[in-house]
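Inside the fold
Each chain, letter by letter, is given below.
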Amino acid sequence: MQRVAEEARRAGKSIGCVPTMGALHEGHLSLIRRSRAENDLVVMTLFVNPIQFDRKDDLARYPRDLDRDARLAGEAGVDIIYSPGVGEMYPDGYATYVTMEGLADRWEGATRPGHFRGVATVCTKLFTACRPHRAYFGQKDYQQSLVVRRLVADLNLGFEIVVLPTVREADGLALSSRNVLLSAEERRQASVLFRSLSVAQAAVKRGERDAEKVRAGIEAQIRSAPLAVVDYVAVCDPDTLDALTRIAVRAVALVAARFGATRLIDNVLLEP
Ligand code: PAF
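First, a word on scope: everything that follows refers to the structure included in this document. Fair warning: this is a prediction, and the values are worked out from it, not measured in the lab. The residue count restarts for each chain, going from 1 along the sequence in the order it is written. Reporting in this predicted model follows two pLDDT cut-offs: at least 70 for local features of residues, and 80 or more for side-chain atom pairs to be given and counted; totals over whole chains, interfaces and linings ignore these cut-offs and use all residues. Derived side-chain values reflect all non-hydrogen atoms in the structure, with water molecules and hydrogen atoms excluded from consideration.

1. With respect to the overall build of the protein
The numbering of helices and of strands both runs from the N terminus, where a helix is a DSSP run of H or I of at least 4 residues and a strand a run of E of at least 2. A count of helical and extended segments in the protein gives 11 helices and 8 strands. When checking whether two residues touch, look at their non-hydrogen atoms; a contact exists if any pair is within 4.5 Å. For the protein, long-range pairs separated by at least 24 residues make up 72% of all intrachain contacts whose partners lie at least 6 apart in sequence. A residue counts as positive if it is Lys or Arg and as negative if it is Asp or Glu; His and the chain ends are not included. Charge positions are represented by NZ for Lys, CZ for Arg, CG for Asp and CD for Glu. Measuring between centres, the 37 positive side-chain charges of the protein sit 2 Å from its 35 negative side-chain charges.

Next up, the structure:
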């Protein structure tokens, strides 16, 4: 991958990288299409990264279908799928990890210990392999997009991170590779996540500035779905992810909840 990337760079080509764990959906495809429009060479990485999973059962259940992914990626404009094996990424004796302080410790970081250490480590390795000019991420993983931006800035990796809006089902559920793991009833109830976030968004637009009131409103609505088990609901500064007491300018509402064995996350920006 490094050799191909170096050759493309020497030929003056720009490289767009779309990191994925496969099980592609319309959200991934929107990233690929944007990368296709903005770069000469589009590389999609496909690697189910074991070190970012805090639960063995979640890793074991993670959906995989390389043939389908390859077809969809090709149709959307991917030139190269870079899909290393686990032994290639983390051979015996592997000992180097990227950890980030502050931003990566809260919310997803606090509820999934080691998650962002795994994400930061694998992204550093994937970026080193693909040598991109731009890399594409979805807003659905809001905290991840901030962590990756910080990583690229702190390690002087010198390329652009592009974050694109969350793609949603008709009832608002954010597209996620894990949605296929939901039972019919869990899937029906999971739409409460976006519904509660939309109510919060409307309240803030109407003039609500009390962040705790907004946060509690979201949480109460999610808890009204009998199958939902809330991991966290937060209303925070959209850049630092510090919890807010007042919504003065912009804020982001983050939610994480489990429906059965499947954990989902979502977020919206709150703008007065
Ligand atoms: O968002 C994902 O699919 C993963 O966290 C990523 C960025 C590909 C790293 O494994």
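2. Focus: the sheet that holds strand β7 (residues 251–259)
Pairing between strands requires that DSSP locate at least two bridges from one strand to the other. Taken together, the 3 strands give an open sheet; going across it, the order is β6-β7-β8, and neighbouring strands pair in antiparallel fashion. A single partner strand is all that each edge strand has here, and the edge strands are β6 (228–236) and β8 (262–270). Adjacent strand axes in the sheet meet at a mean angle of 10°, parallel and antiparallel pairs treated alike. Two strands pair when backbone bridges link them, and β6 and β7 are joined in this way by 8 bridges, in the antiparallel orientation. Bridging across to β7, Tyr-232 finds its partner in Ala-256. Only the stretch in contact is used when a helix axis is fitted, and all axes are lines through C-alpha atoms; the angle between N-to-C directions ranges over 0 to 180 degrees. Each of β7 and β8 is contacted by helix α10 (residues 192–206), which is oriented at about 15° to β8, the strand it contacts most.

3. Considerations on the environment of Met-21
Tracing the sequence through the fold places Met-21 in the loop between β1 (15–20) and α2 (26–38). Considered as a pair, Met-21 and Gln-189 are 168 residues apart in the sequence and their alpha carbons are 25 Å apart. In this structure Met-21 touches Leu-46, Phe-47, Val-48, Asn-49, Gln-52, Phe-53 and Tyr-62, once residues within four positions along its chain are discounted.

4. Focus: the sheet that holds β1
With parallel pairing, the 5 strands of this open sheet are ordered in space as β3-β2-β1-β4-β5. At either end of the open sheet lies a strand with only one pairing partner, and these are β3 (80–82) and β5 (160–164). Averaged over all pairs of adjacent strands, the angle between their axes in this sheet comes to 25°, without regard to strand direction. Judged from the 3 bridges that link them, strand β2 (residues 41–46) and β3 form a sheet pairing that is parallel. Among the inter-strand pairings, Thr-45 is bridged to a residue of β3, identified as Tyr-82.

5. Some points on the site of the ligand
Here a residue counts as near a molecule or strand whenever at least one of its heavy atoms sits within 4 Å of it. With respect to spatial proximity, the complete set of residues near the ligand consists of Pro-19, Thr-20, Met-21, Asn-49, Gln-52, Val-122, Phe-137 and Gln-144. Note that an oxygen atom of the ligand is positioned 2.7 Å from one of the side-chain N or O atoms of Gln-144. When the ligand sits alone it has 290 Å² of accessible area, and the protein chains cover 90% of it. Classifying every residue of the shell around the ligand by side-chain character gives 4 nonpolar, 4 polar and no charged. Here a polar contact is recorded for every N or O atom pair within 3.5 Å, except that within protein the pair must consist of a potential hydrogen donor and a potential acceptor, and residues adjacent in sequence are included only if both atoms are side-chain atoms. A 1.4 Å probe and the Shrake-Rupley method give the accessible areas. Residues count as covered only by the protein chains that appear here. Three classes are used, and their members are as follows: Ala, Val, Leu, Ile, Met, Phe, Trp, Tyr, Cys and Pro are nonpolar, Asp, Glu, Lys and Arg are charged, and the others, Gly among them, are polar.

6. Concerning the packing of aromatic side chains
Put simply, two rings from Phe, Tyr or Trp (the six-membered ring, in Trp's case) pair if the centres are within 6.5 Å, and we call them stacked under 30 degrees between planes, edge-to-face over 60, tilted for the rest. Applying the stated rule across the entire model yields 7 aromatic pairs. Each ring, one from Phe-127 and one from Phe-137, has its centre 6.4 Å from the other, and the planes form 85°; the classification is edge-to-face. Taken as a pair, Phe-127 in helix α7 (residues 115–130) and Phe-137 in strand β4 (residues 134–138) lie far apart in primary sequence, 10 residues in all. For every residue, the accessible area obtained with a 1.4 Å probe (protein chains only) is divided by the maximum for its type, and the residue is called buried under 20%, exposed over 50%, and partly exposed between those limits. Among the residues examined, Phe-127 registers a relative accessible area of 4% and is labelled buried.

7. Observations concerning unusual backbone geometry
Its identity is not glycine, yet Trp-107 carries a phi of approximately 45°, on the positive side. The backbone of Asn-156 shows a phi angle near 50°, a positive value even though the residue is not glycine.

8. Here's the deal with the environment of Arg-36
In this structure, Arg-36 sits in helix α2. The contacts of Arg-36, once residues within four sequence positions are left out, are Leu-41, Val-42, Ala-76, Gly-77 and Asp-79. In this structure the side chain of Arg-36 is engaged in a polar contact, spanning 2.8 Å, whose partner is the backbone oxygen of Gly-77. Polar side-chain contacts of Arg-36 include one of 2.9 Å to the side chain of Asp-79.

9. Notes on empty space enclosed by the protein
The distinction between a cavity and a pocket rests on a 1 Å grid over the protein atoms alone: a 1.4 Å probe fits inside a cavity but cannot get out, while a pocket stays open yet meets protein on both sides within 12 Å along at least five of seven lines, and a residue with an atom within 4 Å of a point counts as lining. Grid points are joined across faces, edges and corners, and a volume is the space filled by probe spheres set on the points. The tally for this structure, following the rule as stated, stands at 2 cavities of 30 Å³ or more. Considered as a void within the structure, the second largest cavity measures approximately 50 Å³ in volume. Forming the walls of the second largest cavity are Lys-140, Leu-173, Ala-174, Ser-176, Asn-179, Leu-193, Leu-264, Ile-265 and Asp-266. Among the elements that line the lining of the second largest cavity, the one with the most residues is β8, at 3 residues. A per-class count over the lining of the second largest cavity returns 5 nonpolar, 2 polar and 2 charged.

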